[in-house]
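Remarks on the overall topology
Read off the chains here:
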Amino acid sequence: NRVNTLASNVATLNQQILVAEGSGSEASGLRDQRQEYLKEISELVDIQYYESTDGSFYVSVGGGHSLVSGNTFQPLSAVPMGIQGFFEVRSGSNNITNIISGGTIAGFVQIRDQKIPDYQNDLDTLANTIINQVNTQHVLGTDVLGNAGVNFFTPTPGPPLPQTLPTGAARNFA
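Cut-offs applied
Residues numbered from 1 in each chain as written. Predicted model: local features only at pLDDT ≥ 70, side-chain atom pairs only at ≥ 80, totals over all residues. Heavy atoms only, no water. Core = buried A, V, L, I, M, F, W, Y, C linked by side-chain atoms within 4.5 Å. Buried < 20%, exposed > 50% of the residue type's maximum accessible area, 1.4 Å probe, protein only. Helix = DSSP H or I, 4+ residues; strand = E, 2+ residues; numbered from the N terminus. Contact = heavy atoms within 4.5 Å. Axes fitted to C-alpha atoms, helices over the stretch in contact; angles between N-to-C directions. Parallel < 35°, antiparallel > 145°, perpendicular 65-115°, else oblique. Nonpolar A, V, L, I, M, F, W, Y, C, P; charged D, E, K, R; others polar. Pairing = 2+ DSSP bridges. Salt bridge = Lys/Arg side-chain N within 4 Å of Asp/Glu carboxyl O. Polar contact = N/O pair within 3.5 Å; in protein donor to acceptor, adjacent residues only side chain to side chain. Phe/Tyr/Trp six-rings, centres within 6.5 Å; stacked < 30°, edge-to-face > 60°. Lys NZ or Arg CZ within 6 Å of the ring centre and 35° of its normal.

**Quick notes on the nonpolar core**
Counting 21 residues, the largest nonpolar core has Val10, Ile41, Val59 and Leu67 as its most contacted members. Secondary-structure elements contributing two or more residues to this core are α1 (2-22), α2 (28-44), β2 (57-61) and β3 (65-69). Here the element with the most residues in this core is α1; it accounts for 6 residues. Sequence-distant contacts of Ile41, defined by excluding residues within four places in its chain, comprise Val3, Leu6, Ala7, Val10, Ile47 and Leu67.

See below:
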């Protein structure tokens, strides 16, 4: 929402700059303000911008999708993906989530799509190791009912490849 507010402000300033300069007035204050808004937007998402020779000003995001074109802006939206409460970033009808390469939004997407799954895999590896180690020791004795050779935890299915562990091993601690 902050990106949209800033983009709207840039579009409004674009119009004010064109009007001021078209009537021969100084617009450096307005240009400075626009530059500050662009700086704020660029902290949130990677952008490219340019001013054409006729004074029109353009801002694009996510591989060239228009964010501001002169005095109009194309809002970004967060659309539910339907899995685990995830959202995708859209410019109009275009999903630009995976082509945003900078800014806070790209960082959040990287955490969601790469870091958290890595941490979940690490937790599953740890859980799988604990399950196997405890079961290895437990089968040497008896359970509370006197049954010998019984696992303490329900083991997870073995991985098809040595580097791939079964997902959800941490759930077997229940």
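**Here's the deal with the packing of α2 against helix α3 (residues 103-138)**
Contact geometry for α2 and α3: axes closest at 2 Å, N-to-C directions at 10°. Looking at the two axes, α2 sits roughly parallel to α3. Of the residues in α3, those in contact with Ser42, Glu43 and Leu44 of α2 are Gly103, Thr104, Ile105 and Ala106. Within the contact of α2 with α3, the residues separate by chemical class into 3 nonpolar, 3 polar and 1 charged.

**Section: the sheet that holds strand β6 (residues 87-91)**
Overall, antiparallel pairing links the 3 strands, which are arranged β5-β6-β7 in an open sheet. Strands at the two margins of the open sheet, each flanked by one partner only, are β5 (76-80) and β7 (94-95). Where β5 and β6 come together, 5 bridges link them in antiparallel fashion. Looking at β6, one finds that Ala78 is bridged to Val89.

**Side note on the pattern of salt bridges**
According to the stated counting rule, one finds 6 salt bridges in the structure shown. Note that Arg2 is salt-bridged to Glu40, the shortest N-O span being 2.6 Å. Of this pair, Arg2 sits in helix α1 while Glu40 sits in helix α2; the two residues are 38 residues apart in sequence, bridging distant segments of the chain. Put simply, Glu21, Arg31, Arg34 and Glu51 are held in one network by salt bridges that share partners.

**Observations regarding the environment of Thr136**
Topologically, Thr136 is positioned in helix α3. Within the local environment of Thr136, its side chain forms a polar contact with the backbone oxygen of Asn132, the two atoms lying 2.6 Å apart.

**Side note on the sheet that holds strand β4 (residues 72-73)**
If you trace the 4 strands from one edge of the open sheet to the other, you get β1-β2-β3-β4, paired in antiparallel fashion. The open sheet terminates on both sides in strands that have one partner only, identified here as β1 (47-51) and β4. In terms of strand pairing, β2 meets β3 through 4 bridges, oriented antiparallel. Bridge pairing links Ser60 to Ser66 in β3. Packing of α2 onto the sheet brings it into contact with β1, β2 and β3, and relative to β1 it is tilted by some 160°.

**Section: the packing of aromatic side chains**
Overall, the coordinates contain 3 aromatic pairs when judged by the stated rule. Centroid distance Tyr49 to Phe57: 5.8 Å. Interplanar angle 35°. Geometry classified as tilted. Measuring from centroid to centroid gives 5.1 Å for Tyr50 and Tyr58, while their planes differ by 25°, and the two rings are stacked. Cation over ring: Arg34 sits above Phe57, and NZ or CZ is 3.8 Å from the ring centre. Across from the ring centre of Phe86, 4.7 Å away, lies the NZ or CZ of Arg112, which sits over that ring.

On their own, these measurements won't tell you what the molecule is for.
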